[in-house]
Amino acid sequence: MDVRQLAAIVAIADHGTFSAAARSLFTVQSNVSGHVSRLEKELGVILVDRTNGGLTEDGARVVDRARRVLNEIEDITSDMTSRHDRVSGHTRIGVIGTTARWLTPSLLSQLAIDHPNVRAVIRDGASSSLVPNVMSGELNAAVIHLPIDEPELVVEPLFAEDLFLLVEGHHHLADNDTIAIRDLDDEPLLLPPTGSALRKVLDRSAAANDVTLRPQAEIDGVRLLASLALDGFGAAIVPATAVPTWLSGAFRRINVPELPRRVVASIRRRRPTPSAPTHVALDTLRRVIAEQGEMQPGVHPETAALPAPRNP
């Protein structure tokens, strides 16, 4: 088993065919086919379904581990080329969509100034998908929202943000500037799925006030929740950054005093230690939030607003 074999099977997973994988690896199809065949022979399994296309079940399992191996090799190279002041290499960082919208432009701009040889690969996604990708090593780090309970991850709170009720201008609650959570008892709401991090926050707050939140629909994705509310499909409880500052129109943000703030945090694996590009990217991320977070309505980067971070 060698790196070329692992790279070949991962390229097939990413690009679908032997020919497309070969193009992505800047080689010829026969080389990719040969690498995969030798890997199959060594492992004693079929990795690629040559009749129907795509990976077999065994192939998918191998690809998951192969990605980790290849990513670790890339991180080794980055560390060795970053032994002095000049850090180089790339880092793979996931960011939840609402935060990515305002944070990513500033992060990439500042990173280009401070560390021009570092390339950040940003993936937009929900916390529910980003956490396992960090655990598996597919991502070096991610910005997600709490709560999370994974002892293998280092969690560092970054900022807190307000939660509010978002309704379209003709909704029957739209005349309110503030509403008590008890007045939402049994009100049909667009809510995150049961068990998701934001839903846990909302359910705990409701239970503390003897309120039952009734889902009109459960939507996995805060930006989609906000979009549906803005389009008049129902009322949604969303974080402040779910509604861009530039957006105008007939909608209302309604304060619900009993709702806690949502805490957004960075996560990374406890072991191995982060690569040099990941380390400087996270440092830059923290600095950008400290300098610009307060410019975002409803965002609170001050230390007093955050829970204590876990020890690395």
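Draft legend 1. Region of interest: the overall build of the chain. The number of helices and strands found in the chain is 9 helices and 11 strands. Along the first, second and third principal axes, the C-alpha set of the chain runs to 65 × 50 × 35 Å. Expressed as a percentage of its 312 residues, the buried residues of the chain come to 48%. When contacts within the chain are restricted to residue pairs at least 6 apart in sequence, long-range pairs at least 24 apart make up 75% of them. When the accessible surface of the chain is split by element, carbon and sulfur atoms take 51% of a total near 15500 Å². Considering the chain, the positive charge centre built from 32 side chains and the negative charge centre built from 39 side chains are found 7 Å apart.

Draft legend 2. Seen up close, the pattern of salt bridges. This structure, assessed with the given rule, holds 14 salt bridges. The closest approach of N and O atoms between Arg261 and Asp162, which form a salt bridge, is 3.2 Å. A residue pair is termed long-range when its members are at least 10 positions apart, and Arg261 in the loop between β9 (251-255) and β10 (262-269) and Asp162 in the loop between β4 (153-161) and β5 (163-168) qualify at 99 residues. A relative accessible area of 38% means that Arg261 is categorised as partly exposed. Judged by its relative accessible area of 28%, Asp162 is partly exposed. One salt-bridge network, held together by shared partners, links Glu156, Asp283 and Arg286.

Draft legend 3. Examining the packing of helix α1 (residues 3-15) against helix α3 (residues 29-43) more closely. Between α1 and α3, the least distance of the axes is 8 Å, while the angle of their chain directions is 110°. When the interaxial angle is binned, α1 and α3 end up roughly perpendicular. Contact residues: α1 offers Arg4, Gln5, Leu6, Ala8, Ile9 and Ile12, while α3 offers Val32, His35, Val36, Arg38, Leu39 and Glu42.

Draft legend 4. Fine view of the nonpolar core. In this structure, Ile144, Leu146, Ile148, Phe159, Ile267, Leu285 and Ile289 are the most contacted members of the largest nonpolar core, which totals 38 residues. Elements with a contribution of two residues or more to this core: β1 (89-95), α5 (97-114), β2 (118-124), α6 (127-136), β3 (141-145), β4, β10 and α9 (276-292). Core analysis: the next-biggest nonpolar cluster, separate from the first, contains 36 residues, Leu163, Val167, Ala174 and Leu225 among them.

Draft legend 5. The environment of Ser109, seen in detail. Within the secondary structure, Ser109 sits in helix α5. In sequence terms Ser109 and Val288 are 179 residues apart; their C-alpha atoms lie 10.0 Å from each other.

Draft legend 6. Structural context of the environment of Pro239. One can find Pro239 in strand β8 (residues 235-239). Given a relative accessible area of 0%, Pro239 falls into the buried group. When the C-alpha atoms of Pro239 and Leu165 are compared, they prove to be 8.8 Å apart, with 74 residues separating the residues in sequence. For Pro239, the residues in contact, after removing those within four places along its chain, are Glu161, Asp162, Leu163, Phe164, Leu198, Val222 and Arg262.

Draft legend 7. Examining the layout of surface pockets more closely. A volume near 540 Å³ is recorded for the largest pocket. Taken together, 31 residues line the largest pocket, and the ones lying closest to its centre are Ala126, Ser127, Ser128, His145 and Ala197. Sorting the residues of the lining of the largest pocket by element identifies α5, α6, β3, α7 (197-208) and α8 (222-230) as the ones contributing at least two each. Of the residues in the lining of the largest pocket, the class split is 14 nonpolar, 9 polar and 8 charged. Approximately 350 Å³ is the volume found for the second largest pocket. For the second largest pocket, the lining is made up of 16 residues, of which Val10, Asp14, Arg67, Asn71 and Glu74 are closest to its centre. Where the lining of the second largest pocket is concerned, the elements lending two or more residues are α1, α4 (57-81), β1 and β2. For the lining of the second largest pocket, the per-class residue count stands at 6 nonpolar, 4 polar and 6 charged.

Draft legend 8. Just the side chain of His171, in detail. Mapped onto the elements, His171 comes out in the loop between β5 and β6 (188-191). Taking the relative accessible area as the measure of exposure, His171 reaches 18% and is therefore buried. Reaching out from His171, the side chain makes a polar contact with the backbone nitrogen of Leu173 at a distance of 3.0 Å. If we skip the residues at most four places from it in the chain, His171 touches Glu187, Gly234 and Ala235.

Analysis parameters
- Residues numbered from 1 in each chain as written.
- Predicted model: local features only at pLDDT ≥ 70, side-chain atom pairs only at ≥ 80, totals over all residues.
- Heavy atoms only, no water.
- Helix = DSSP H or I, 4+ residues; strand = E, 2+ residues; numbered from the N terminus.
- Buried < 20%, exposed > 50% of the residue type's maximum accessible area, 1.4 Å probe, protein only.
- Contact = heavy atoms within 4.5 Å.
- Areas by Shrake-Rupley, 256 points an atom, 1.4 Å probe, with all protein chains shown as cover.
- Lys, Arg positive; Asp, Glu negative; His and termini not counted.
- Charge placed at Lys NZ, Arg CZ, Asp CG, Glu CD.
- Salt bridge = Lys/Arg side-chain N within 4 Å of Asp/Glu carboxyl O.
- Axes fitted to C-alpha atoms, helices over the stretch in contact; angles between N-to-C directions.
- Parallel < 35°, antiparallel > 145°, perpendicular 65-115°, else oblique.
- Core = buried A, V, L, I, M, F, W, Y, C linked by side-chain atoms within 4.5 Å.
- 1 Å grid on protein atoms, 1.4 Å probe; cavity = no way out; pocket = protein on both sides within 12 Å on 5 of 7 lines; lining within 4 Å.
- Points joined across faces, edges and corners; volume = space filled by probe spheres on them.
- Nonpolar A, V, L, I, M, F, W, Y, C, P; charged D, E, K, R; others polar.
- Polar contact = N/O pair within 3.5 Å; in protein donor to acceptor, adjacent residues only side chain to side chain.

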